[in-house]
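Residues per chain are reported as follows:
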Amino acid sequence: MSMQASDRQPRPPLAALAGPAGPAVPPDAGLAPALEAWRSRLAAAGVSCSAVAFSSADPQWTHHFAADATTTLDEVWTDLRTRVSADNPVALGKLGTTAGADLLMATSLLLPNGQPGIVGAALQPPHNERAIQLVLLSLGWLQLALAAASLAHNQRAAQLLELLGHVASQREGRAAAQDWINRSAAWVREAQQVDDLSLSLFEVRDGSPRWWVGADTAWAEAAAAALQAAGDLAAGASVEMQEVRDGPWWALPLLDDGEPTAVLVAHSAAASWPPEALAILRGSAALAEPLLRRWREAEASLPRHAWRATRAGWRKLTGPGHLTWKAGAAVLLAVAGVLLLWPVPDRVTANLVIEGRVRQVVTAPFEGFIARVLVRPGERVTRGQVLAALDERNLKLEQGKHRSERDQAAGKLRQAMAERDASAMALAAAEQHQAEAQLALVEARLERAALLAPLDGLVVSGDWAQQIGGPVETGKEMFEIAATDGYRVVLHVTDHDIARVRVGQTGALRLTGQPHASHAFRVSNVTATASVQDATNGFRVEAAWDGPSPSLSPGMQGVGKIVVGEANLLTIWTRSSIDWLQLKLWTWW
């Protein structure tokens, strides 16, 4: 058997994957026992090993020589690892120059995960070909032992996943916890032959553990001695936040963000707890407890959710760190101070229209048809100016008819007077008076057929130019004339704001045609008559200019704000919503 490297170009050495020789991560739990068992088997076969080591790229699969190893051993071990490769799987090196020096043997070994590794053995004299062959033959057993440990680990992982699947298939948190605690207890009893094992899960609420579920039981008596002992142990583990062993008792606190959320308590009459049983319980709890915790949180009541959120927020605000939360709280506090403590003018906003101080309406004096229209809205007129005229033709026909009747009655009267017929004279006189009355009425209508302006001012409404020839009724509003020697502001204040408006309050307005300028006014009259504008019920509030008035025209519209007092911003912004809610609550109750 050749122990030298091949003359061909060697592949990259396996030791290059092993990293530094110093310990960095605790070795895999199954590696050290396997190496020690391998060393014992070599000793039984007549090959003495003073020390063994294992090197790989995975720190979990690395085992160093004993801490008291000599410098020569470490140097030779480092050199041999660089010489081992796929083409040269075995390398040998002497640990001294004397005849009794150990022989260090390094050879490659495939790990269960498929990655390469290097195993080293310090062989004591005598050194011969047979000893090296025995070491090489025993490597098959070592590889099988490492694979068996990895297989057991994988089987445990598969069983943990299966257990988690059963737990997640439940509909409620308590049922899931009960299923988990029962299956975990059965697993430990079957795997470790612990027949008298009992498990209990305590949930931690407000720092106090409370019994939640127990293996093979749906409820527990609060005064039971075993439950009280388990509760005391759970309280101790919750306070210490670490595993607690007390004779046959064992407690494991389950933490979330550094705080205990549950405690797993186990009891067994065995003299000592098997390490494998504790490993199963730790792995099972670490896998299932987060799911159960989220389940408990989801099933909690809304007040408990609010309480937890409040406590978590308070801890962030009062504890160390969380600068973003603290800055946000400071900003919110400043905003709340502004909203609650900073008084601002309280205003009532309303739509407005500009009206003349004096207004008169011109109406139709009788039924008729429009003959002509001489003015339109927006035009200035003088007192007595003709605005429009109604059709006079029918009236003139009636005038002629009544004149004829009057003349006929006058002729009959003269004839009766000539004949000295008293009865005929009385009848003729009555007919004459009736005809004269009808004629006077028609002539009065003819005088009013022309609609005249009652005062000097501006035509505010009455656009009849497109309705010439159309009929009008008696009393129909034809024109509205507003005097131009003064104006007033008329606001339409909604009914839920009118109670806060008083005579003498001041305000400001902006007109639609002049949105850049504000004008002051003072409330002069609050009427008690409601009206509907834009589907909103409100009251008419009149105001006078407080200072010089702008260039205005009757009918101009805008928005006005009446100052009714002072209040904080929160009250102003929420008043309408609170009023609506109060009214609704009063209506329902």
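This text goes with the structure placed above it.
Residues numbered from 1 in each chain as written. Predicted model: local features only at pLDDT ≥ 70, side-chain atom pairs only at ≥ 80, totals over all residues. Heavy atoms only, no water.

Peer 1: What am I meant to see in the packing of aromatic side chains here?
Peer 2: The description of an aromatic ring pair rests on the distance of the ring centres and on the angle between the ring planes. The final tally for this structure, using the stated rule, is one aromatic pair. Aromatic side chains Phe65 and Trp77 sit 5.5 Å apart centroid to centroid with 80° between the ring planes, which places their arrangement in the edge-to-face category. Of this pair, Phe65 sits in the loop between strand 1 (49-56) and helix 2 (71-83) while Trp77 sits in helix 2; the two residues are 12 residues apart in sequence, bridging distant segments of the chain. Each member of the pair Phe65 and Trp77 is classed as buried. (Phe/Tyr/Trp six-rings, centres within 6.5 Å; stacked < 30°, edge-to-face > 60°. Helix = DSSP H or I, 4+ residues; strand = E, 2+ residues; numbered from the N terminus. Buried < 20%, exposed > 50% of the residue type's maximum accessible area, 1.4 Å probe, protein only.)

Peer 1: How should I be thinking about the packing of helix 7 (residues 302-318) against helix 8 (residues 323-341) in this particular structure?
Peer 2: Helices that pack against each other are described as a pair by the angle of their axes relative to one another and the distance between those axes. The interhelical angle for the contact between helix 7 and helix 8, taken along N-to-C directions, is 100°, at an axis separation of 8 Å. One way to sum up the angle between helix 7 and helix 8 is to call them roughly perpendicular. Where helix 7 abuts helix 8, its residues Gly313, Lys316 and Leu317 lie against Trp325, Lys326 and Ala329. Looking at side-chain class alone, the contact of helix 7 with helix 8 contains three nonpolar, one polar and two charged residues. (Axes fitted to C-alpha atoms, helices over the stretch in contact; angles between N-to-C directions. Parallel < 35°, antiparallel > 145°, perpendicular 65-115°, else oblique. Contact = heavy atoms within 4.5 Å. Nonpolar A, V, L, I, M, F, W, Y, C, P; charged D, E, K, R; others polar.)

Peer 1: Mind showing me how you'd approach a nonpolar patch on the surface here?
Peer 2: A contiguous nonpolar surface patch, about 700 Å² in accessible area, is contributed by Trp580, Leu581, Leu585, Trp588 and Trp589. Within the fold, Trp589 resides in the segment after helix 11 (569-588). (Patch = residues over 30% accessible without salt bridge, like charges linked within 9 Å, V, L, I, M, F, W, Y side chains within 5 Å. Areas by Shrake-Rupley, 256 points an atom, 1.4 Å probe, with all protein chains shown as cover. Salt bridge = Lys/Arg side-chain N within 4 Å of Asp/Glu carboxyl O.)

Peer 1: Teacher, can you tell me more about the sheet that holds strand 18 (residues 477-482) here?
Peer 2: Whenever strands of a sheet pair, they do so through backbone hydrogen bonds, lying parallel or antiparallel. Ordered in space as 11-18-16-13, the four strands form an open sheet in which the pairing is antiparallel. Only two strands of the sheet have a single neighbouring strand rather than two, namely strand 11 (359-363) and strand 13 (380-381). Here strand 13 pairs with strand 16 (residues 457-461) via two bridges, running antiparallel. Across the sheet, residue Val381 finds its bridge partner in strand 16, namely Gly457. (Pairing = 2+ DSSP bridges.)

Peer 1: Even after reading the chapter, I still don't get the nonpolar core, so can you show me in this structure?
Peer 2: Soluble globular proteins: nonpolar side chains tend toward being buried together. In terms of nonpolar packing, the biggest core is built from 31 residues, with Trp180, Ile181, Leu199, Leu201, Trp250, Leu264 and Leu292 touching the most fellow members. Taken together, the elements giving at least two residues each to this core come down to helix 3 (129-168), helix 4 (173-192), strand 5 (198-205), strand 6 (208-214), strand 8 (249-256), strand 9 (259-267) and helix 6 (275-299). The dominant element in this core, judged by the number of residues it contributes, is helix 6, at eight residues. In this structure, Leu264 is in contact with Trp180, Ile181, Leu199, Ser200, Leu201, Trp250, Ala251, Leu252, Leu281 and Ala285, ignoring residues within four places of it in sequence. Membership of the second largest hydrophobic core comes to 25 residues, among which are Leu31, Trp61, Leu109 and Leu142. (Core = buried A, V, L, I, M, F, W, Y, C linked by side-chain atoms within 4.5 Å.)

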